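What follows is each chain in one-letter form.
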Amino acid sequence: MMEQSPIAETEPPIDCPLCPRLVALRREYQAKYPDWWNAPVPAFGDANAWLGIVGLAPGMHGANRTGRPFTGDYAGDLLFATFAKFGLSRGTYQARIDDGLVLDGVIIINSVKCLPPQNKPTPQEINTCRHFLSAQLDALPQLRVFVALGRIAHDSFLRHLGLRAARYPFGHNAMHELGDGRVLIDSYHCSRYNTNTGRLTEAMFEAVFVRALAERDRINREA
C-alpha cells in the first residue's frame, strides 16, 4: 500500500537514479526484503499545514520498510505521541501505514528521501536531494514555523533558503527568525540513540512544540 503524498507532484520517481550509493542500497534491500517499501519516501501530513517538520532520512526499519516517514521505529513512537499530545494528529498511531492516522496542521518532509547506509547521507547526497526538499517546501507557502530534527536537517533547510548555516547556529530548542515572518526551531533528533543516552528527553522534545505553537499564535496575532 502506498501512502498518497499531499504534494505528489513534487515527489521523486519511485526508482530515482540520482544517488548511486543510495540506489545500490535500495536494490540490495529490494532483493533482501521484497515486501518492504524500499524506495524514496513521500512527504506525509496536511497540505494546509502551518508547521513543517524537516527530518533527516528514512530509517531502515521505519520509513524504508513502511513507506511513511517515521513509521515503524522508535523515533516515530516519540514523534507521533508528541503530535497527539499537542493536537496535531487525529486517530491512533499504530506504527503501520494503514493505521488511519491523519496529521492536522503539520507535514513531515525529509532532507534525504532514500535510506542511506548507516543512516549517514554524504554531503553530495544531501545536496542532490535538496532539489526535492526545495520543491516540497516551495509547494507549501502557508508554512510559517519549521522544526529541524538534527543538524543535517537544519543545515539543509537553511541552504534551501540561501542562508549561511554559520549565522544560525544549531542548538536544541534554539529559534531563528528567517527574515520573512517565518521561524525555524531546532531539535535534537528524536532517535533511540539520543533518548537512550539522555541527550533528548520527552520533556525537552515537547518544549520544542510548546515553542512552535506559541510562535504560530504570535504570527497569527501579528498578521
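For the structure, check the block above.
These figures come from a predicted structure and were not determined experimentally.

By definition, a disulfide is the covalent link that joins the sulfur atoms of two cysteine residues. Applying the stated criterion to the full structure yields zero disulfides. Of all cysteine sulfurs, the one in Cys129 lies closest to Cys19, which takes part in no disulfide; the gap is 6.2 Å. Its sulfur unpaired, Cys114 is 5.9 Å from the next cysteine sulfur, which belongs to Cys16. By relative accessible area, Cys114 is classed as buried at 10%.

Take the side chain of Asn64 next. Within the secondary structure, Asn64 sits in helix α2 (residues 63-66). Once residues within four sequence positions are removed from consideration, Asn64 is found in contact with Tyr29, Trp36, Trp37, Asn38, Ala39, Val41, Pro58, Gly59 and Leu115.

Now for the nonpolar core. Among the nonpolar cores identified, the biggest contains 31 residues, and Leu51, Ile53, Phe80, Phe83, Ile108, Cys190 and Phe209 are the most heavily contacted of them. Residue assignment for this core shows that the elements contributing at least two residues are β2 (51-55), α3 (74-85), β5 (106-110), β6 (145-149), β8 (183-187) and α7 (202-222). Of the residues forming this core, the biggest block, six residues, is contributed by α7. Sequence-distant contacts of Ile53, defined by excluding residues within four places in its chain, comprise Phe83, Val106, Ile107, Ile108, Ile109, Val147, Leu149 and Phe209. Of all hydrophobic cores here, the second largest spans 19 residues; its members include Leu143, Ala148, Ala153 and Leu178.

Another point: the pattern of salt bridges. Summed over the entire model, instances satisfying the criterion amount to 11 salt bridges. With its nearest N and O atoms 3.0 Å apart, the salt bridge here joins Lys85 to Glu206. Of this pair, Lys85 sits in helix α3 while Glu206 sits in helix α7, placing them 121 residues apart in sequence. Overall, the relative accessible area of 55% leaves Lys85 in the exposed class. Residues Asp217 and Arg216 are paired through a salt bridge, measuring 3.1 Å at the closest nitrogen-oxygen approach. With relative accessibility at 33%, the residue Asp217 sits in the partly exposed group. Given a relative accessible area of 26%, Arg216 falls into the partly exposed group. Sharing partners across several salt bridges, the network here consists of Glu177, Glu215, Arg218 and Glu222.

About the thresholds
Residues numbered from 1 in each chain as written. Predicted model: local features only at pLDDT ≥ 70, side-chain atom pairs only at ≥ 80, totals over all residues. Heavy atoms only, no water. Disulfide = S-S within 2.5 Å. Buried < 20%, exposed > 50% of the residue type's maximum accessible area, 1.4 Å probe, protein only. Helix = DSSP H or I, 4+ residues; strand = E, 2+ residues; numbered from the N terminus. Contact = heavy atoms within 4.5 Å. Core = buried A, V, L, I, M, F, W, Y, C linked by side-chain atoms within 4.5 Å. Salt bridge = Lys/Arg side-chain N within 4 Å of Asp/Glu carboxyl O.

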